[in-house]
Amino acid sequence: MAATPQFNEDLYKPLAELDPVVQNIIDKETWRQFTGLELIASENLTSRAVMEATGSILTNKYSEGQPGARYYGGNEWIDELEILTQQRALKAFNLDPAKWGVNVQPYSGSTANFAAYTALVDPQDRIMGLGLPDGGHLTHGFYTAKKKISASSIYFQSLPYGLDPSTQLIDYKFVHSQAQLFKPRLIICGASAYPRDWDYASLKKTCESQGAWLLADIAHTSGLVATGEQSSPFEYCDVVTTTTHKTLRGPRAGMIFFRKDLENAKDLERRVNEAVFPACQGGPHNNTIAGIATALLQAASPSFKTYAKQVIANAKAIADELVKHGYTLQTKGTDNHLILWDLRPNGLTGSKVEKVCDLVGITINKNAVSGDKSAQTPGGIRLGTSAITSRNLVESDARIVASFLHRAVQLTLALQKESGSKLVKDLVKVALDEKSEGSKGVKELRKDVGAFAMKWPLPGVDTANLKKPAGIDED
Ligand code: DSN
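Per-chain numbering applies: the sequence of each chain, read as written, is numbered from 1 onward. Side-chain atom pairs in this predicted model are given and counted only at pLDDT of 80 or more, local residue features only at pLDDT of at least 70, and totals for whole chains, interfaces and linings cover all residues. Heavy atoms from the whole structure form the basis of all side-chain values; hydrogens and water molecules are not counted.

- The protein chain has the name Serine hydroxymethyltransferase in an unreviewed UniProt entry, where Sistotremastrum niveocremeum HHB9708 is given as its organism.
- Recorded under Catalytic activity (unreviewed entry), the UniProt text for the protein chain is reproduced unchanged: "(6R)-5,10-methylene-5,6,7,8-tetrahydrofolate + glycine + H2O = (6S)-5,6,7,8-tetrahydrofolate + L-serine".
- The Function (unreviewed entry) comment attached to the protein chain in UniProt states, word for word, "Interconversion of serine and glycine." UniProt positions are given in the numbering used here, feature names are shortened, and annotations may be inferred rather than shown by experiment.

This is how it looks when you write it as structure tokens:
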């Protein structure tokens with residue numbers, strides 16, 4: 001082996017030696033994930049194998065184009081990888097390759113959605129999606145009275161639909177009547193914060209009445225759809241987008257499925273592929289595509305079906321416990337991996353509870369609940385069970401998690417009272433003040449959450465030998 005010249009020596013050093021600052025940040029984040037409870041509904045803990053694939057040498061390669069038709073040489077093995085990933089994607093969702101195709105190049109769910117819209121409709125065409133305050137995603141056409149927020153409302157005319165306020169379920173009749181007036185070219189279904197399943201058949205009828213495309217964004221539920229735990233959109237939709245890192249438990253990326261059995265099938269396939277590249281993206285991230293392939297192999301396994309069932313059972317167990325404590329859940333419970341908790345009846349905002357949960361090692365996010373006016377100070381929080389289920393928790397453990405959440409909410413109320421203020425920053429000041437009553441409660445709960453969380457493994461991490469890294473100052 002030829003000697004390494006000095007100008008290249010850095011290329012061969014491990015991260016910890018070359019860049020201890022970044023290594024320390026990774027170590028601190030590992031510690032946070034190990035010692036805390038991850039309840040963000042859009043997150044999960046991917047496998048060791050997926051992390052090995054995403055951290056691989058495949059990151060070096062450019063492969064703009066499609067397998068067999070690239071703009072760069074040297075893509076023999078990348079072609080094999082991308083074709084394998086496509087095959088596994090169709091298999092994981094039980095799709096016939098004669099009827100469905102898939103593009104596995106999108107960098108994320110947002111870019112997958114924008115590419116899908118680019119493929120299906122023209123600029124300034126009319127689209128309808130579930131409104132953000134009702135649980136929809138930003139990319140489904142969100143805007144406010146003052147501002148077009150998402151590119152999907154900047155480049156298209158968007159009319160959001162919403163929930164029936166009495167049931168907090170999608171009001172399909174209202175969607176239908178709105179569509180008769182608005183005449184959209186595309187209806188988007190799927191959500192970021194909706195605890196129930198979808199009636200794709202009803203939306204298909206609405207689309208047929210207008211000659212509109214039907215697109216399902218199953219980013220949140222794709223792992224549950226693949227395992228048959230949520231109904232499948234593939235029977236009714238023309239295009240289905242998803243992320244790969246939520247309930248599907250892969251690396252951070254997206255996919256677009258498109259029908260191949262329509263009259264203009266070839267055209268749709270070409271439009272989707274060209275919308276991804278060259279319209280919206282450059283070179284695919286091949287290391288990530290390898291991670292998707294591995295995650296899809298796992299998602300097609302019998303153990304993943306058991307995992308998906310457990311995700312839902314855990315969400316139901318937490319929901320039941322919270323209802324027993326007298327709390328208000330949107331739609332009174334859940335059928336999937338997430339829970340929307342309305343804190344307004346308790347006199348709290350989602351921001352306050354999110355902050356206190358952060359202080360005690362429970363990671364959640366504030367979320368709008370039905371009737372909320374502002375996404376900045378929403379009245380609820382969103383919880384999800386994908387990540388804790390990846391750490392092996394079952395229902396009896398999920399009930400303990402619910403008891404921590406109950407304590408966190410009661411603590412938030414006590415801190416609010418002690419601070420004598422409605423402002424989050426005043427509440428945090430009290431929580432961090434060594435002399436306050438509230439700070440004792442914070443410390444106690446942090447200790448209990450930490451002791452509980454550290455009993456569970458963290459995929460890809462040798463937790464038995466994990467040491468608290470420098471820069472973490474808690475006991
Ligand atoms: N940010 C994701 C979520 O939390 O639902 C979607 O992009």
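What follows continues from the structure just given.
### Quick look at the sheet that holds strand β17 (residues 380–384)
Strand pairing in a sheet is mediated by backbone hydrogen bonds. Such pairs are either parallel or antiparallel.
And step 1. Whether two strands pair depends on DSSP finding at least two bridges between them. A run of H or I in DSSP becomes a helix once it reaches four residues, and a run of E becomes a strand once it reaches two; helices and strands are each numbered from the N terminus. Strands sit in the order β13-β14-β17-β16 across an open sheet of four strands; the sheet is antiparallel. Strands with a single pairing partner mark the edges of an open sheet, and in this sheet they are β13 (328–329) and β16 (365–367).
And step 2. For strand β14 (residues 338–342) and β17, the ladder comprises five bridges, and the chain directions are antiparallel. Counterpart to Asp342 in the pairing with β17 is Gly380.
And step 3. A contact between two residues is defined here by any heavy atoms of the two lying within 4.5 Å. Axes here mean lines fitted to C-alpha atoms, for a helix over just the part in contact, with angles spanning 0 to 180 degrees between N-to-C directions. Across the sheet, helix α12 (residues 302–324) lies against β13, β14 and β17, angled at about 20° from β14, the strand it touches most.

### Some thoughts on the site of the ligand
And step 1. Nearness here has a simple test: a residue counts as near a molecule or strand if at least one of its heavy atoms is within 4 Å of that partner. Surveying the vicinity of the ligand reveals the residues Ser42, His137, Ser192, His220, Lys246 and Arg382.
And step 2. Here a polar contact means two N or O atoms within 3.5 Å. Within protein one must be a hydrogen donor candidate and the other an acceptor candidate, and residues neighboring in sequence count only if both atoms are side-chain atoms. Within the side chain of Ser192, one N or O atom sits 3.1 Å away from an oxygen atom of the ligand.
And step 3. Surface accessibility follows the Shrake-Rupley procedure with a 1.4 Å probe radius. Residue values consider only the protein chains on display as shielding. In isolation the ligand exposes 230 Å². Once the protein is present, 64% of that is buried.
And step 4. Here the term charged refers only to Asp, Glu, Lys and Arg, the term nonpolar to Ala, Val, Leu, Ile, Met, Phe, Trp, Tyr, Cys and Pro, and the term polar to all other amino acids, Gly among them. Class assignment of the residues belonging to the shell around the ligand gives a composition of no nonpolar, four polar and two charged.

### What about empty space enclosed by the protein?
Any empty space left between the atoms is revealed when a probe the size of a water molecule rolls over them.
And step 1. Only protein atoms enter the 1 Å grid, on which a cavity is a set of points fitting a 1.4 Å probe that cannot get out and a pocket is an open set with protein on both sides within 12 Å along at least 5 of 7 lines, lining residues being those with an atom within 4 Å of a point. Grid points are joined across faces, edges and corners, and a volume is the space filled by probe spheres set on the points. Per the counting criterion, the structure on display carries two cavities of 30 Å³ or more.
And step 2. By volume, the largest cavity amounts to about 120 Å³.
And step 3. In this structure, the largest cavity is lined by 19 residues; those nearest its centre are Gly190, Ala191, Trp198, His220 and Thr221.
And step 4. Grouping the amino acids of the lining of the largest cavity by side-chain chemistry returns nine nonpolar, seven polar and three charged.
And step 5. Only α2 (20–35) and β1 (37–38) provide two or more residues apiece to the lining of the second largest cavity.
And step 6. Its residues assigned to classes, the lining of the second largest cavity comprises three nonpolar, three polar and three charged.

### Focus: the state of the cysteines
Each disulfide consists of a covalent bond between the sulfur atoms of two cysteine residues.
And step 1. Cysteine sulfur atoms are paired as a disulfide whenever they fall within 2.5 Å. Within the structure shown, the criterion is met by zero disulfides.
And step 2. Of all cysteine sulfurs in the structure, the one in Cys237 sits closest to Cys189, which takes part in no disulfide; the separation is 4.5 Å.

### Here's the deal with a nonpolar patch on the surface
And step 1. Within this analysis, patches are made of residues with over 30% relative accessible area and no salt bridge. Like charges are joined at 9 Å or less; nonpolar side chains (Val, Leu, Ile, Met, Phe, Trp, Tyr) at 5 Å or less. Whenever Lys or Arg places a side-chain nitrogen within 4 Å of a carboxyl oxygen from Asp or Glu, that contact is recorded as a salt bridge. Together, Leu15, Val22 and Ile26 make up a nonpolar patch on the protein surface, roughly 210 Å² of accessible area in all.
And step 2. You can see Val22 is positioned in helix α2.
And step 3. Each residue is placed in one exposure class: buried if its accessible area under a 1.4 Å probe, protein chains only, is under 20% of its type's maximum, exposed if it is over 50%, and partly exposed if it falls in between. Among the residues examined, Val22 registers a relative accessible area of 34% and is labelled partly exposed.

### Thoughts on the packing of aromatic side chains
And step 1. Two rings belonging to Phe, Tyr or Trp (six-membered ring only in the last case) form a pair when the distance between their centres is within 6.5 Å. Interplanar angles under 30 degrees mark stacking, angles over 60 mark edge-to-face geometry, and anything in between is tilted. The tally for this structure, following the rule as stated, stands at 15 aromatic pairs.
And step 2. For the pair Phe114 and Tyr155, a centre-to-centre distance of 5.9 Å together with 70° between the ring planes defines the contact as edge-to-face. With Phe114 in helix α5 (residues 109–120) and Tyr155 in the loop between α6 (151–154) and β6 (157–158), this pair connects stretches of sequence that are 41 residues apart.
And step 3. For Phe114, a relative accessible area of 23% corresponds to the partly exposed category.
And step 4. Relative accessible area serves as the criterion here: at 45%, Tyr155 is assigned to the partly exposed category.
And step 5. Clustering of aromatic rings is evident, with ring pairs tying together Phe93, Trp100, Phe234 and Phe257.
And step 6. One cation-aromatic arrangement involves Arg126 over Phe182; the distance from NZ or CZ to the ring centre is 6.0 Å.
And step 7. In this arrangement the basic side chain of Arg249 is found over the ring face of Tyr307, its NZ or CZ atom lying 4.0 Å from the centre. Distance and angle both matter: a charge sits over a ring if NZ of Lys or CZ of Arg is within 6 Å of the ring centre and within 35 degrees of the ring normal.

### Points about the packing of α5 against helix α10 (residues 265–280)
And step 1. Packing of α5 against α10 brings their axes to within 8 Å, and their N-to-C directions diverge by 125°. With respect to their mutual orientation, α5 and α10 come out oblique. As α5 runs across α10, the sense of the crossing is right-handed. The segment α5 lies against α10, with Phe114, Ala115, Thr118, Ala119 and Leu120 engaging Leu268, Arg271, Val272, Ala275, Val276, Ala279 and Cys280.
And step 2. Residue composition of the contact of α5 with α10, by class: ten nonpolar, one polar and one charged. Note on angle classes: values under 35 degrees are labelled roughly parallel, values over 145 roughly antiparallel, values of 65 to 115 roughly perpendicular, and the remainder oblique. With the far helix as reference, a near helix turned anticlockwise by less than a right angle produces a left-handed crossing, and one turned clockwise produces a right-handed crossing.

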